[in-house]
Structures are given as C-alpha cells and as structure tokens.
Amino acid sequence: MASVSSAKRHPSSGNAVGLRGGRGGMDLQGMGPEVKARLFLFVACLWPLWVMALYGASAPAVDVDSLNADVQTTRMMKLRNVLDRVDIMGYGPTHPRVAVVIVGDTRESLLQSVESVYRTTDMNRLFLICAVLDGHDDDSTLLTELEKIEKGSVPHWHGLRPEIHVGKTHEEHSKKIHVLFNSHKRGVAASRSDAADFIDLLQHKHESAGLKSPQEDLILLLLEGGTQLTDDKWLPAVTSSLIVPPPLIHAETDDDATENIAMKLANAVALRSQDHGERMAFDEHLQLVQEPVPAAHMQQSSGQSYLTPAWNGGGLALRLDTFLNFPAQDASLREAWAANLDVTMNLWLCGDGIDVVQEALVSQPLAPTKLNSDLAARFAAVWMEDKGVQKFLQWFSPRTKSLDWETKLTHARNSPTFPKKVQSRCRPFGWYMEEINTVLSKILSDEPPKRGEGEEDTSDESSSEDAQAVARKIFGAAKAGRQNGRQEEEHEAPPAQEQSSSSEDEDGRRKPTFPLRKTNLEIVQKAKPIDIKFVDVSGGHKEHPHLGANDEDGKIGYIHDEAALHRNPPTFHFDSDQKEHKACAPRDNNWKMMTKRVKVEWEYDKKIEESGVKRDKIFCLVYTTEKSHDKIPNIRDTWGSKCDGFMVGSTKTNTSLGTVEILHEGKEEYDNIWQKVRSMWSYIYDNYYDKYDWFHIGGDDLFMIVENFRYYLESEEIKTAANGGIYLPVGNETEQTPLLLGRRFAYMGDMNNIFDSGGSGYTMNKAALKTLVVNGFPNYFPHMHTFSEDTMVARVFRKMGVYPYDTKDDHGGERYMPFMPGHHWSYHLPKDPSKDWYAKYSIDIKEGPEHSSPQSIAFHYVKGDDMKRLYALAYALCSDEYK
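Residues numbered from 1 in each chain as written. Predicted model: local features only at pLDDT ≥ 70, side-chain atom pairs only at ≥ 80, totals over all residues. Heavy atoms only, no water.

Side note on the pairing of strand β4 (residues 219-224)
Logical step 1: Across the six residues of β4, six count as buried, placing the element largely inside the fold.
Logical step 2: Inspection of the sheet shows strand β1 (residues 98-104) paired to β4 by six bridges, in the parallel sense. Each residue of the ladder has a partner; that of Ala99, found in β4, is Leu220.
Logical step 3: Direction of pairing for β4 relative to strand β12 (residues 315-319): antiparallel, over a ladder of five bridges. (Buried < 20%, exposed > 50% of the residue type's maximum accessible area, 1.4 Å probe, protein only. Helix = DSSP H or I, 4+ residues; strand = E, 2+ residues; numbered from the N terminus. Pairing = 2+ DSSP bridges.)

So this is what it looks like as structure tokens:
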C-alpha cells in the first residue's frame, strides 16, 4: 500500500435534487429461531435462481422458441459472465459498491474507523476506503497497521458466505485502503473533496478497464475519524434507502437502454448515533440539539426510518454523484461542524433531505458544534434570503452590532471560495425553518432579543475594533455599488486558497484569513524589518538630495501644504456639453474596461470612514515640469484630492496647482530624472514621513482609483506582508518590513532583474521610504545621471534585500496598468513574444479583460481630457442620457 497524492477536482455542476421513495423491508424481529432457520435455508437454496431471474429482468423480452442455437449459447455465456462477475464487480446497479471516506487528524482515529468498516462490510461491496490524515506527513506506522488490516488482522467477510476469516496469508481481494497525507492541514471540507475526486477518478479508470459497469452508481460513506460502524446491517439498510431495484418480472418498454437500470433516489442516510426516536437539529446559535422525532414521522415507517433536520457528522451515506454535484462547494470550511452544516444545507435545500435508518448504527466521539461569528455570517450569506439575514444574525448574537454584521457579510461574500447563486438554484431557507427544522420557527415569528438583553453573546469578537480589524472584515466586499445609481457589477471571487479563516497561535498572534502566496512570502522574508522611527539625515539641508524646495519667489526653504487639496476638493464637472458627449458617448474599449471590468470600491471606503476608525494615510506624488503644468488641473479635479497628501514635483512652484520646485543635482532634463526623483523622495521623507503610511509616485499622465488603492493597502494581505508575512499586526508595532508595490517587469525578460514600472507608478510603505532615503541614496549611485529612475530605485532596493512585491489579484489580474484601459482590454500576446517588449518584460500575464484586476489601481498614458473621461466612467458621473 502506498500514499496517494490529492487528485484535482473535476468541474461539475447541477443540483442534487431527486425523488423521495418509500421504504420497504421485512421485520425479522420477533421471529422464533426455528422460523428464522427455515427462512435462511430457503434463501440459501434459491439465491442462484434469484441471480438468474435478475439477469432475465435486465434482458430484452424475447420469444425463446425463435432463438437459434447461437443466440442461446450467447445468452448462456452472458449468464455465466454475470455469475463470474459477482465477486469482481459487487452486485451491480441494484446493490452498488460503497466507497468510504474517513477524515481524521490522528493515526488512532483513522485506524478505529477503518477497522470498523472491515468488521461490518461485505468486502465484495467495498470499492475502497480513502483515509485522509490531515495535517501530517507520511506516517509509516499508520501504513504498516493498515497493511495488516488488508492482510486479515481484522475479521471480515465476503459476499454471501457468512463465515469470517482472520490472518490468511493469501489475498482474496484487491487493495481496499488508500491513504492521503496532508502535510499542511487543509481541513475537513477540502479533505473530503480531495478523497471524493480520487474516488471519481478511480471509478472512471475501472470503467475503462471493464471492472465496473457505468450503471453501478457508487455509494459514498462519509465518516469522521474515530467514528465506528457497529452493525453489519448498515449497508443493506442504506442500500434499500438509496436504491430501488427494478422488478424481477420484466416490464415491456421500448427503451432498451434504460429498462435494466435501478431507480436512484437522491436523499442521503445519516447513520444513527443517538437513541431510537431521537434526531438532530440545530438552533438559532447554529449549535446541534437533539429532539424527539414527531410521532407522525415515526408512524409513517413504523419507526424504521425518519427525517432528520441536521447531520451530526457521525456517518452519512449518499451517492457519489450527489456529493460531487453539490451546488455549494466550499473547500475552505476547515472545522468539521462547519463542513457538516454545509452538507446538511446542500441536501435539504438543494436535494431531498436526510433520513435516519434504524438499522444503520455508528458510535462517534463528541466534537464541538459551535461556529464563530465569521462563519455564521458566511452561512447566512450563502443560504438565506437577504431580507432574513440580519434578523437571523441578531438571534445568533444579539450583542453584535448591525454594522459589524454587515462587515462580516461583505467579507464572506467576497471570499475566494464563496458559493455563487446558490439561492437561485435551491429552496428558500424559510421553507427549511417552517417545514423541516422547526427548532428555528421562533425566528420567523418572534423578534430577536435586544442587544445586551438576556442572551449569551456567541460572537467570538468584540464589536469595538481597531481600524485594521474593521478593514480586515470589510476588505473583500462582494458588491461595490457605483455612485449616481448605476447598477452594480458582480465580479467573480478569487480562487480558493489554503486557509479559510483567521486564527490565533499559542501566543495569541492573529494570522490572516489567507496566507501570502509562496512567491510573495519569499519576497517579504528576504527583506529585513526596520525600526520606523524617523531619523534626521538632512544634514541641515545643505546638500543634495536634501537641499529642499524653492517657493514661488525662488526662495529656498519652502514647505508645501500637502493636505490643502484634500481639505478643499474641487467639484467635478465637464467644461462643456460637447466635452461630456465626447467623454460619455463612445462605446470603445476604454468604456468597456471602465464600466464592465473595473469597479470602484467606494462603498468599502464609505463604510470604513463612517466607522470612525483610524485610516492609513496616503501621500501621492506626481513629477512634471513647468511646460506641462496644464496637465495638472485635470488630476486635481479628479483623483488627486482623494489622496490624503498630494504634491507635484516640478521646476516651478505654484501654490494654486500644488507644484513645487524641487532642487536636485544636475540639469533639469529627461536624462537626469534619477537625480530629480532622489531629491523628491528626500523632500517627502524630510517633511512628511511621520504623517503618512504610504507613498506613491507617478508621472503627470497617471490616472489612479484611490478607493481601490486603499482597499488594497488596508487588506489583510498587505498588512501581513508589512508585518513579516505570517501574522497580522496588532497596531503598536515599532518595526516594519519594507514593501515596494507596483507593476513588476522583468528587464529584457531577466527574472533576476525585476523592477516596478514607473508608468503606473510604484508605492512604498514607511519602512521602504526610510530604507531608500536613509540607507540607499547615500550609498548607491549617488551621482549617476540617467532617465531610468524606476529601474534605479529597484537596483538600490535590491542591494538592501528589498524586491518588488507581486501585486496581482488572486485571479492573476494586474492592479497597476502601464497603458490606457482600452489597450489592456484588447491586448493579446503576439505569436513571437520576443518581438514585443511588453510581452518580453511582463511576468505571467493574462490576455484581454482578465489582464486587469477589477480592483485596478492605476493606468498610464492618460492625457488631456481622457483624465476626466476615465474618472466619469469609473464613478458613473455621466448624465443619464449616456447611461
């Protein structure tokens, strides 16, 4: 036996909705031993005839007298094949084999469950056991113990032979046990999905090899590690609940292809762990409760089976295809109860529910069944109608404020693994409360307790939170509305990642919801954290690059009022109707990108502002010359005022425009931009360092979406990266990891020479700016004259172990765009990328609209009236006639 690697999930779709059928069966209880003996003798004598009859039922009706000898011989061979195939292929469509998935985090729990399966299950009907040891590397001891079980150390049995055998040296069946090892813990939902994918892959291989009929619909049994099957009646009981066999007497039909297929029921069977007549439900706190089965339900089947509103995780049997086609698949649910609750909802709202069968018994260890508030919000967002969500959540935790619930809901809806459009494909949650889980009925009729009255607070977080906590939860708002009433655009959530919920380690340090991508973690950990306390390196402002700036009269020592524009933002307007028509009427690629792909996260920005928490402050720096001052008003009228601090480094100071004459070494010319930028950054550091958290620089043809900029900078990802890459900051840190953000280019395709393009600009945090000015400028290329300031900045940082951070979103879309939006909408790689500098410099880019992230931050080469055009399109500021 060997370890098996995780299989990749095959895309699947569709509902698990099916038919509910009744139960039938014979009750042997109460019979005397003599009656039972005669009955078993009768069955033993007639079972070969039963197999022949089954075969006859699956064959077309034929006049036997008209058969010639060849046809009769063929039919006899087919009958022989049926009999020969029993041990190899189980019992076919009417008695399909079972695949067992066991997920556990300890060796002992897996062994207990595997042994119980072997003791209670007909080996001819066991397709395989897939055991997942979650959070552990290969375990040789586990493999050895499982191999002993394979060879007969545990009593087991085959087919219709009632005897058991122990320790036989020969192998009478193929390998039944397969093990998946997750060295990094993936959680219950992901582990189950991995195992189900492996089983699906294996069944297709068996079909291709002729070892399985396509009509045999495998039964899937889900067990939690430590759960044990206690009775060998479980599989016949489950089979009769999931499969209705065809009649033995053939029914005439014109459809030869379907006449021999058993009817398949879509409901699932929960193996019973509670007392007879009891079932499981969950209350308004999403905690499991046990309740008596209503008398009417018991009477319908004489107590042999009854509905259960919830699955407690002990054991669940359903068809494999039902599980693979769940409408809501969320592999990020790590804890067992969260994963089990999602299975419950898939089966009740999108399928035909869950039954408990009297004879299918398990024993299971006790496990916690409490959800934290983030998971409760996710549950409500997936399964409930919008109008009932807040009421349900107030029942869940009366002390949590509505705004806090809204932040949790928006965070959940933009989770990379959030199931989409489930409510349109499944039954309403209100139906489930009214008809199935009546424990929740009071939510429909009663008002929730008032905040702070009479109810225990089940929320795991305080409602009074700092700025980072609020930003962390609002970050990821699934729907960001647009101003002036534009209909919202939904964008696909990012793909799933390994970790799904924030957590604390033993020291109480909080980890992000999702860990950094491997590439970015390596980048971050190469940089050395530095003390971010300001250090004066100006030297009295006597030499470059700390000489400073001149005022409007040419007098040195000028300090620009960088917050003036933010305090007094201009009102946006078009200069004329003709200019508005020119901006808003065309439906070109720029229009498509700004209205169909890019969205402005202004709703997130608004909620954070209204919460009153401290925000990260952004300084935006633009460089130009006096002859291009006519470009600055369009920047000031659009995105410039959204920055907390704004300045234009130029050759002439103009307080009305916000331009500042920065003094630098050498001539004012294109081939000396490096010296100009050195002096600009030194000026910013000397005068504004303590007041701001982030610093961005770009040219006078730069267009920015500042709300998206904040959305990214205040995300858990960037907070974690600036804190060393593993943990979220607390808020009182005195050290920070330098971060350089922007659009990464590989110079001439050289991955060892990566820099951030200056076109869309690049961004630094406090640690990066201090590193550059205090340690970089004095020691590296202090007197070089060159135009390539973006590559020079990267070279200096590289000398100090700081590398450009990959700012792609989780779909691979770029946030910093070096061209106009329309260019990126239509861009496709040439047949020979070596002949296109952009293709050669770019790193793993996508083509077409997906090239740009929906949360794009910056575009380049935006000239003249295009600045106002992009702004109007992004913020829906065109008149109604153009919408």
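A few points about helix α6 (residues 234-242)
Logical step 1: In terms of residue burial, α6 counts as a mostly covered element, since seven of its nine residues are buried.
Logical step 2: Listing the buried residues of α6 in full gives Trp234, Leu235, Ala237, Val238, Thr239, Ser241 and Leu242.

Comments concerning the environment of Arg186
Logical step 1: Of note, Arg186 is situated in the loop between β3 (177-182) and α5 (188-208).
Logical step 2: Accessibility expressed as a relative area gives 27% for Arg186, which makes it partly exposed.
Logical step 3: Residues Arg186 and Ser332, spaced 146 residues apart in sequence, show a C-alpha to C-alpha distance of 7.8 Å.
Logical step 4: Setting aside anything within four residues of it in sequence, one finds Arg186 in contact with Asp134, Ser191, Asp194, Ala331 and Arg334.
Logical step 5: At 2.8 Å, the side chain of Arg186 forms a polar contact with the side chain of Asp194. (Contact = heavy atoms within 4.5 Å. Polar contact = N/O pair within 3.5 Å; in protein donor to acceptor, adjacent residues only side chain to side chain.)

With respect to the sheet that holds strand β27 (residues 762-765)
Logical step 1: The strand order β17-β20-β19-β18-β21-β27-β24-β28 describes an open sheet built from eight strands, whose pairing is mixed. Strand pairing shows two members of the sheet lacking a second neighbour, β17 (549-550) and β28 (805-806), which therefore form its edges.
Logical step 2: Bridging between strand β18 (residues 618-623) and strand β19 (residues 645-650) involves five bridges; their strand directions are parallel. Among the inter-strand pairings, Phe619 is bridged to a residue of β19, identified as Gly645.

A closer look at the side chain of Glu224
Logical step 1: Relative to the assigned elements, Glu224 resides in strand β4.
Logical step 2: With relative accessibility at 14%, the residue Glu224 sits in the buried group.
Logical step 3: Discounting residues that sit within four places of it in the chain, Glu224 has contacts with Ile102, Val103, Ser113, Arg192, Asn312, Gly313, Gly314, Ala336 and Asn340.

Regarding the environment of Val773
Logical step 1: Take Val773: it is sitting in helix α25 (residues 766-776).
Logical step 2: With 87 residues separating them along the chain, Val773 and Asp686 place their C-alpha atoms 9.3 Å apart.
Logical step 3: Discounting chain neighbours no more than four positions away, the residues touching Val773 are Val537, His546, Trp681, Ser682, Tyr685 and Pro778.

Details of the state of the cysteines
Logical step 1: Within this structure, the stated rule accounts for three disulfides.
Logical step 2: With its sulfur 2.0 Å from that of its partner, Cys620 forms a disulfide with Cys643. Between Cys620 and Cys643 the disulfide shows an S-S torsion of about -80°. By sign, it is left-handed. Of this pair, Cys620 sits in strand β18 while Cys643 sits in the loop between α21 (632-637) and β19; the two residues are 23 residues apart in sequence, bridging distant segments of the chain.
Logical step 3: On the basis of relative accessibility, which here comes to 1%, the residue Cys643 falls in the buried class.
Logical step 4: Sequential numbering of the bridged cysteines in the protein chain gives the disulfide pattern 1-2, 3-6, 4-5. (Disulfide = S-S within 2.5 Å.)

Some details on the packing of helix α3 (residues 107-120) against helix α4 (residues 140-150)
Logical step 1: At a minimum axis distance of 11 Å, the contact between α3 and α4 shows a crossing angle of 10°. The angle between the axes of α3 and α4 places the two elements in the roughly parallel class. Facing α3, whose interface residues are Arg107, Leu110, Leu111, Val114, Glu115 and Tyr118, α4 presents Thr141, Leu142, Glu145, Leu146, Ile149 and Glu150.
Logical step 2: Among the residues forming the contact of α3 with α4, the class breakdown is seven nonpolar, one polar and four charged. (Axes fitted to C-alpha atoms, helices over the stretch in contact; angles between N-to-C directions. Parallel < 35°, antiparallel > 145°, perpendicular 65-115°, else oblique. Nonpolar A, V, L, I, M, F, W, Y, C, P; charged D, E, K, R; others polar.)

A short note on the pattern of salt bridges
Logical step 1: Per the stated rule, a full pass over the model turns up 38 salt bridges.
Logical step 2: The salt bridge involving Asp194 is made with Arg186; its shortest N-O contact spans 2.8 Å.
Logical step 3: The residue Glu562 makes a salt bridge to Lys691 at a minimum N-O spacing of 2.8 Å. Of this pair, Glu562 sits in the loop between β17 and α17 (564-567) while Lys691 sits in the loop between α22 (673-688) and β21 (694-699), and the two are 129 residues apart along the sequence.
Logical step 4: A cluster of three or more residues bridged by salt bridges with shared partners is formed by Arg517, Arg743, Asp806, Lys808, Asp810 and Glu814. (Salt bridge = Lys/Arg side-chain N within 4 Å of Asp/Glu carboxyl O.)

Examining the packing of aromatic side chains
Logical step 1: Counted under the stated rule, the structure contains 36 aromatic pairs.
Logical step 2: Aromatic side chains Phe619 and Tyr688 sit 5.1 Å apart centroid to centroid with 35° between the ring planes, which places their arrangement in the tilted category. Residue Phe619 is found in strand β18, and its partner Tyr688 is found in helix α22; the two are separated by 69 residues along the sequence.
Logical step 3: Under the relative-accessibility criterion, Phe619 is labelled buried at 0%.
Logical step 4: Exposure remark for Tyr688: the relative accessible area of 2% places this residue in the buried category. (Phe/Tyr/Trp six-rings, centres within 6.5 Å; stacked < 30°, edge-to-face > 60°.)

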